[in-house]
Amino acid sequence: MSSSQGPSIISSGCFSEPTKLETKRLAGKDCWACGTTDPDIVHVVVKVDGQMPLWHEAGLFSPEFNFKSVANAIPLCPTCHRQFDKAEDPGFVFFPSDLNFFIEFELRDKVQRENTNVRQVPNAVAYQNYQISSKAIPSNAIGGLYTRVFLKDFWNGIVTQENFRTISTDKQWHGNPLTSLRRAFAILGSPRVYIMDPETRKQLDKLRYLYFGETLLNPADNVLRNIYRKDPVVAGKRSHTQEQEEYGQAGKKMKSEKMPNNAGTLANAPCSGQYGTNSSWVLGPDSTSNKVIQLYSPLFAAV
């Protein structure tokens, strides 16, 4: 796919021929997502990704990470590639199947960081070894298991539900798991995310919070964080679980509260604000010269 697809596309450039060949050896010569033939070898995350500085500052990618390496490469057909690269409305994403492994790893590392102040995150080998030890994959696997999620039927009904089930099964991938999580976190803001299993959504959200919610990326961000929290001192000590519980309690309270008897009447009442019933008018047919002077003369007053 061309890299000049407009602002909604995360551009994926070219890999070297040896990298392409090695990626096909590891991930297969067909599209890793849907299985069609003759795929492109594309980036999972591009170096010019606007979020990369935040991920680097949070210690999730090392400065030495090579975005043009096999660890950031995957075979995708042009259709899946385009849907994967749609930053604003992706049609396909993938991420580690065992998200709990990454959650538990981060919780343990958080304790260690109290002494080292250096974040450690699982790489491809760590995830693969864990899944081998838990017998999720065989010892000769090329990588850990990843969940493939199609958020759109971009084949316009050609692919049957049975075929969707087949291509949505977990699949091995050899690359850096954090690159796939970068893409997965992005879909949490999409209305299409509710296609996914609720527990999976919760795990993704929890992991994102662990990676960024309690991380003070820099002093300026800390200042902004405290400005927007109602009680900066107390809020800074709240856990993700506490915040979720408060959210749930607020929802229950809203459900238990009765709507006023005139709620329906108020909802359907015409607008009677500054611009009257037709908010498209600024100076309507009923405007007078005195009204215009009263509204706008201060704008032309001598400074």
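Residues numbered from 1 in each chain as written. Predicted model: local features only at pLDDT ≥ 70, side-chain atom pairs only at ≥ 80, totals over all residues. Heavy atoms only, no water.

- As annotated in an unreviewed UniProt entry, the chain carries the name HNH nuclease domain-containing protein and is attributed to Talaromyces islandicus.

## Details of the overall build of the chain
Part 1 of the reasoning: Looking only at helices and strands, one finds 13 helices and 5 strands in the chain.
Part 2 of the reasoning: A total of 303 residues make up the chain; the buried ones form 37% of that total.
Part 3 of the reasoning: Relative to all contacts within the chain whose residues are 6 or more apart in sequence, the contacts with residues 24 or more apart total 72%.
Part 4 of the reasoning: Accessible surface, the chain: about 18700 Å² in total, of which carbon and sulfur atoms supply 54%. (Helix = DSSP H or I, 4+ residues; strand = E, 2+ residues; numbered from the N terminus. Buried < 20%, exposed > 50% of the residue type's maximum accessible area, 1.4 Å probe, protein only. Contact = heavy atoms within 4.5 Å. Areas by Shrake-Rupley, 256 points an atom, 1.4 Å probe, with all protein chains shown as cover.)

## A look at the packing of aromatic side chains
Each aromatic ring pair is specified by the distance between its two centres and by the angle formed by the two planes.
Part 1 of the reasoning: Here the structure, examined in full by the defined rule, presents 23 aromatic pairs.
Part 2 of the reasoning: Here W55 and F61 contribute two aromatic rings whose centre-to-centre distance is 5.9 Å and whose plane-to-plane angle is 45°, an arrangement assigned as tilted. Residues W55 and F61 agree in their burial class; the two are buried.
Part 3 of the reasoning: Between the aromatic rings of F102 and Y127, the centroid separation amounts to 5.1 Å while the plane-to-plane angle is 50°, which identifies the pairing as tilted. Of this pair, F102 sits in helix α4 (residues 99-116) while Y127 sits in helix α5 (residues 124-133), and the two are 25 residues apart along the sequence. With respect to class, F102 is no different from Y127; both count as buried.
Part 4 of the reasoning: Seen from the ring of W32, R148 lies directly overhead, with NZ or CZ sitting 5.8 Å from the centre.
Part 5 of the reasoning: Positioned over the ring face of F84 is R183, at 4.1 Å from the centre of the ring. (Phe/Tyr/Trp six-rings, centres within 6.5 Å; stacked < 30°, edge-to-face > 60°. Lys NZ or Arg CZ within 6 Å of the ring centre and 35° of its normal.)

## Brief notes about the side chain of T179
Part 1 of the reasoning: Tracing the backbone through its elements, the reader meets T179 in helix α7 (residues 177-186).
Part 2 of the reasoning: Look past the residues within four positions of T179 in its chain and what remains in contact with it is V44, V45, F61, F65, A71, N72 and W173.

## Digging into the nonpolar core
Part 1 of the reasoning: Among the nonpolar cores identified, the biggest contains 52 residues, and C80 and L181 are the most heavily contacted of them.
Part 2 of the reasoning: Look past the residues within four positions of L181 in its chain and what remains in contact with it is W55, F95, P96, L99, F102, L204, L207 and Y211. (Core = buried A, V, L, I, M, F, W, Y, C linked by side-chain atoms within 4.5 Å.)

## Looking at a nonpolar patch on the surface
Part 1 of the reasoning: On the surface, a nonpolar cluster with roughly 470 Å² of combined accessible area is contributed by V223, L224, I227 and Y228.
Part 2 of the reasoning: With a relative accessible area of 44%, L224 lands in the partly exposed category. (Patch = residues over 30% accessible without salt bridge, like charges linked within 9 Å, V, L, I, M, F, W, Y side chains within 5 Å. Salt bridge = Lys/Arg side-chain N within 4 Å of Asp/Glu carboxyl O.)

## Structural notes on unusual backbone geometry
Part 1 of the reasoning: A positive phi angle, close to 60°, is found at N117, a residue other than glycine.
Part 2 of the reasoning: Along the chain, N117 turns up in the loop between α4 and α5.
Part 3 of the reasoning: By relative accessible area, which is 68% here, N117 ends up exposed.
Part 4 of the reasoning: Here K135, not a glycine, exhibits a phi torsion of approximately 65°, which is positive.
Part 5 of the reasoning: Relative to the elements of secondary structure, K135 occurs in the loop between α5 and β4 (145-150).
Part 6 of the reasoning: What makes K135 exposed here is its relative accessible area of 74%.

## Details of the packing of α4 against helix α8 (residues 198-213)
Part 1 of the reasoning: Relative orientation of the contacting elements α4 and α8 amounts to 25°, with a least axis distance of 10 Å. Comparing their axes, α8 and α4 come out roughly parallel. As for how α4 packs across α8, the hand of that crossing is left-handed. Contacts between α4 and α8 pair L99, N100, F102, I103, E106 and L107 from the former with T200, Q203, L204, K206, L207, L210 and Y211 from the latter. (Axes fitted to C-alpha atoms, helices over the stretch in contact; angles between N-to-C directions. Parallel < 35°, antiparallel > 145°, perpendicular 65-115°, else oblique. Left-handed = near helix turned anticlockwise from the far one by under 90°.)

## Looking at the pairing of strand β3 (residues 92-96)
In regular strands, side chains alternate between the two faces of the sheet.
Part 1 of the reasoning: Taken across its 5 residues, β3 has 5 buried, putting it largely inside the fold.
Part 2 of the reasoning: Of the strand pairs in this sheet, β3 and β4 are connected by 5 bridges, and their pairing is antiparallel. By the bridge assignment for β4, V93 is matched with V149. (Pairing = 2+ DSSP bridges.)

## Some thoughts on the pattern of salt bridges
Part 1 of the reasoning: For the structure on display, the rule yields 10 salt bridges.
Part 2 of the reasoning: Between D85 and R183 there is a salt bridge, with its nearest N and O atoms 3.1 Å apart. Here D85, found in the loop between α3 (78-84) and β3, pairs with R183, found in helix α7; they are 98 residues apart in sequence, far enough to count as distant.
Part 3 of the reasoning: On the basis of relative accessibility, which here comes to 5%, the residue R183 falls in the buried class.
Part 4 of the reasoning: Note that D89 and K152 form a salt bridge whose closest N and O atoms lie 3.4 Å from each other. One end of the pair, D89, is in the loop between α3 and β3; the other, K152, is in the loop between β4 and α6 (161-167), and 63 residues separate them in sequence.
Part 5 of the reasoning: Looking at D89, the relative accessible area reads 27%, which means it is partly exposed.
Part 6 of the reasoning: Here the salt bridges do not stand alone but share partners, grouping E106, D109, R113 and R119 into one network.

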